[in-house]
Each structure stands twice: as C-alpha cells, then as structure tokens.
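If you want the building blocks of each chain, they are given just below.
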Amino acid sequence: MEYPTSLGTSDADTISLLGQNLADDLMGKVGFGELTFWMVTQRRPTKSEVRVFESVLVALADHGFTPTAIAARITYLSAPDSVQGALAAGLLGGGSRFLGVTEDCGQFLDAVLTEAGEIPTDDAGFDALALAAVTRAKAERKFVAGLGHPVHKVLDPRTPRLIEIAEEEGLRGPHLRLFEAIGRVHPQVLGRTLPLNGAGVCGAVLADLGLPLALLRGFALLARAAGLLGQLAEEQRMPIANDIYMSVDRNAVYVPPKPE
C-alpha cells in the first residue's frame, strides 16, 4: 500500500520536502514564513507575498495578557514540566473572540464576494456591496466579523499598516477592499463607528493571498504559538501566574445559588 504526499519524505541519508533537498536546498535559504506558505499552497510564494504573509504573522503573534496568554501561563504554573501543555492551552483559546476572527472575517468577506458574482471596480461599488452585507447582517442579528476591539476603541494600529503594506506590494485585493468599505459604511447602518480590528484585516489579507479559507484560523494560531512561547519564556524570567491564581482564589466570594 502507498500513502501519497507532496510534502516530506525521508530515507536513511536524505530528507526531501516539497520536492527539494531539505538540507541543501531549503535550510539557510528559505525563511519559515515562506516555507509555511509553500507547504500549504504547494507553490513558492513571491517576495511580495512573503512580506505580506509574514506581516500578518507578526501582527497576530502577541497582544499582551489576552486570555490565550493567561491560559498558557496558568497551565505552565500548574505543570512546569509540560511546555507543550501550556502552549496547547493557549492555542485552544483561539476562538470566535480571539484569533478565530481572522478566519471568520475572511470567510464572511469571501461569501459576500462570491454571492455578488462580479467584483466591483471602484470604491463606490465596494461601498454598495458592503452596505448591503452589513444591512443584512444587522437584520439577521449577526455580528460583522472584524468590527470592534475590546482595547482599541477608535483605531487598531495594525489595520492601516497592513493595508499600507498590501498596497505597497500590489496585493490589496478584493477581500481587503471590501473590508475597508465595511469600515466606511457600517456607521450608517449600526449607528456607531467601530474600528476595523487587526484580526479581521489579517483575514482579508490572507484571503487575498489565495490561502485556504478553512485554514485561516491555523495561520493565526501559528503566529500566536510564537507569542505564547515568548509569554512562557517571560513567565520563567518574571513569573506572574501564581499572583493571578492567588488573586482570584483569595478574592473568591461564595454566592448562594438562586432558587429556581
């Protein structure tokens, strides 16, 4: 029986990856971001694509003491012999509120573009498409993925920078342009102005790069894995997990259950 793969194989003397000799053709010549893109898409990305893709990874690597970081640190406190467990604990928290927005936004934008059938050619066309999408989301009582941030109430600094980088590299595609349009038109539907968050703009950019929509969350988790490793290294140098644990435990107040 054979098990086909287009990724890696090895024998007693060599390791092959993507049809290349790992040691001779890839090590020292291909960066990790480029390799990740190549493995997922089965094509070697251009320099412009690598710059944009790695900008996304940097944008999503760390955002301070988020639940994912706290979960990793607390797990490391409980099981310092299990770095893999601490990393896994942090990654398991990547969902609809943290990190998962990247995938949710990319899929939302792609669904809107697919249903439209024809890609707008100017900002006015994207604005009309965005207005219809936001209006429908509100009617269906759904959140628009990528709108709002718990800390950055006015502007997420990652958003304009990533748009700028995509523009510089000629990769400001339809998903990103639609996302920008949502930022322009949503106040007239929602009655308030929300920032386009960094996780959402990352989803738009990744979709424009042609990466698989069903794996967009995976790229966010890949980036956050680096951030969590940094959090664990800092926990070793300047531990705070025990303080978090003791603060919660010592301030726990018993509340009698409410009668049904």
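A brief report on the enclosed structure follows.

Reading guide: rules and limits
- Residues numbered from 1 in each chain as written.
- Predicted model: local features only at pLDDT ≥ 70, side-chain atom pairs only at ≥ 80, totals over all residues.
- Heavy atoms only, no water.
- Helix = DSSP H or I, 4+ residues; strand = E, 2+ residues; numbered from the N terminus.
- Contact = heavy atoms within 4.5 Å.
- Areas by Shrake-Rupley, 256 points an atom, 1.4 Å probe, with all protein chains shown as cover.
- Lys, Arg positive; Asp, Glu negative; His and termini not counted.
- Charge placed at Lys NZ, Arg CZ, Asp CG, Glu CD.
- Disulfide = S-S within 2.5 Å.
- Buried < 20%, exposed > 50% of the residue type's maximum accessible area, 1.4 Å probe, protein only.
- Axes fitted to C-alpha atoms, helices over the stretch in contact; angles between N-to-C directions.
- Parallel < 35°, antiparallel > 145°, perpendicular 65-115°, else oblique.
- Left-handed = near helix turned anticlockwise from the far one by under 90°.
- Nonpolar A, V, L, I, M, F, W, Y, C, P; charged D, E, K, R; others polar.
- Core = buried A, V, L, I, M, F, W, Y, C linked by side-chain atoms within 4.5 Å.
- Expected span 1.5 Å × (residues − 1).
- Salt bridge = Lys/Arg side-chain N within 4 Å of Asp/Glu carboxyl O.
- Pairing = 2+ DSSP bridges.
- Phe/Tyr/Trp six-rings, centres within 6.5 Å; stacked < 30°, edge-to-face > 60°.

## Let's talk about the overall build of the chain
Stage number 1. Each helix and strand in the chain was counted, giving twelve helices and three strands.
Stage number 2. In terms of overall dimensions, the chain has C-alpha extents of about 65 × 55 × 40 Å along its principal axes.
Stage number 3. A fraction of 72% describes how many contacts in the chain between residues 6 or more apart in sequence connect residues 24 or more apart.
Stage number 4. Roughly 14700 Å² of accessible area belongs to the chain as shown, and the carbon and sulfur atoms make up 58% of that amount.
Stage number 5. Charge separation in the chain, taken as the distance between the mean sites of 23 positive and 31 negative side-chain charges, equals 8 Å.

## Things to note about the state of the cysteines
When the sulfur atoms of two cysteines share a covalent bond, that bond is a disulfide.
Stage number 1. A complete count under the given rule lists zero disulfides for this structure.
Stage number 2. Note on C202: no disulfide assigned, nearest cysteine sulfur contributed by C105 at a separation of 9.6 Å.
Stage number 3. Looking at C202, the relative accessible area reads 0%, which means it is buried.

## Quick look at the packing of helix α3 (residues 47–60) against helix α10 (residues 198–208)
To describe two helices that pack against each other, one gives the angle between their axes and the distance between the axes.
Stage number 1. At a minimum axis distance of 10 Å, the contact between α3 and α10 shows a crossing angle of 160 degrees. Considering the angle they form, α3 stands roughly antiparallel to α10. Judged by the twist between their axes, the crossing of α3 over α10 is left-handed. Only A199, C202, V205 and L206 of α10 make contact with α3, whose side of the interface consists of V52, F53, V56, A59 and L60.
Stage number 2. Residue composition of the contact of α3 with α10, grouped by class: nine nonpolar, no polar and no charged.

## So, the nonpolar core
Stage number 1. F53, L178, L206, L209 and L211 are the most contacted members of the largest nonpolar core, which has 47 residues in total.
Stage number 2. Where this core is concerned, the elements lending two or more residues are α3, α6 (101–116), α7 (123–139), α8 (158–168), α9 (174–190), α10 and α11 (216–237).
Stage number 3. Here the element with the most residues in this core is α9; it accounts for seven residues.
Stage number 4. Excluding residues that lie within four positions of it along the chain, L211 makes contacts with F37, V40, T41, F53, L206, L216 and F219.

## Observations concerning α3
Stage number 1. The end-to-end C-alpha distance of α3, which contains 14 residues, comes to 20 Å, matching closely the 20 Å that a straight helix rising 1.5 Å per residue would cover.
Stage number 2. Those residues of α3 that are buried lie in contact with α2 (32–41), α6, α8, α10 and α11.

## Description of the pattern of salt bridges
Stage number 1. With the rule as written, the count across this model stands at 18 salt bridges.
Stage number 2. With a shortest N-O distance of 2.8 Å, R51 and E169 are connected by a salt bridge. One end of the pair, R51, is in helix α3; the other, E169, is in the loop between α8 and α9, and 118 residues separate them in sequence.
Stage number 3. Residue R217 pairs with D104 through a salt bridge whose shortest N-O separation is 3.7 Å. Of the two residues, R217 is situated in helix α11 and D104 in helix α6; the sequence distance between them amounts to 113 residues.
Stage number 4. Judged by relative accessible area, D104 falls into the partly exposed class, the value being 26%.

## Notes on the sheet that holds strand β2 (residues 15–17)
Stage number 1. As summarised here, the arrangement of the three strands in space is β1-β2-β3, forming an open sheet in which the pairing is antiparallel. The open sheet is flanked by β1 (8–10) and β3 (20–21), the only strands paired with a single partner.
Stage number 2. Direction of pairing for β2 relative to β3: antiparallel, over a ladder of two bridges. Paired with S16 across the two strands is N21, which belongs to β3.

## Let's talk about the packing of aromatic side chains
Stage number 1. For the structure on display, the rule yields two aromatic pairs.
Stage number 2. Relative to F53, the ring of F37 has its centre 5.6 Å away and its plane inclined at 85 degrees; by these criteria the two rings are edge-to-face. Here F53 lies in helix α3 and F37 lies in helix α2, a separation of 16 residues in the sequence. Taken as a pair, F37 and F53 share a single burial class, namely buried.

These results come straight from atomic positions and should not be treated as a statement about function.
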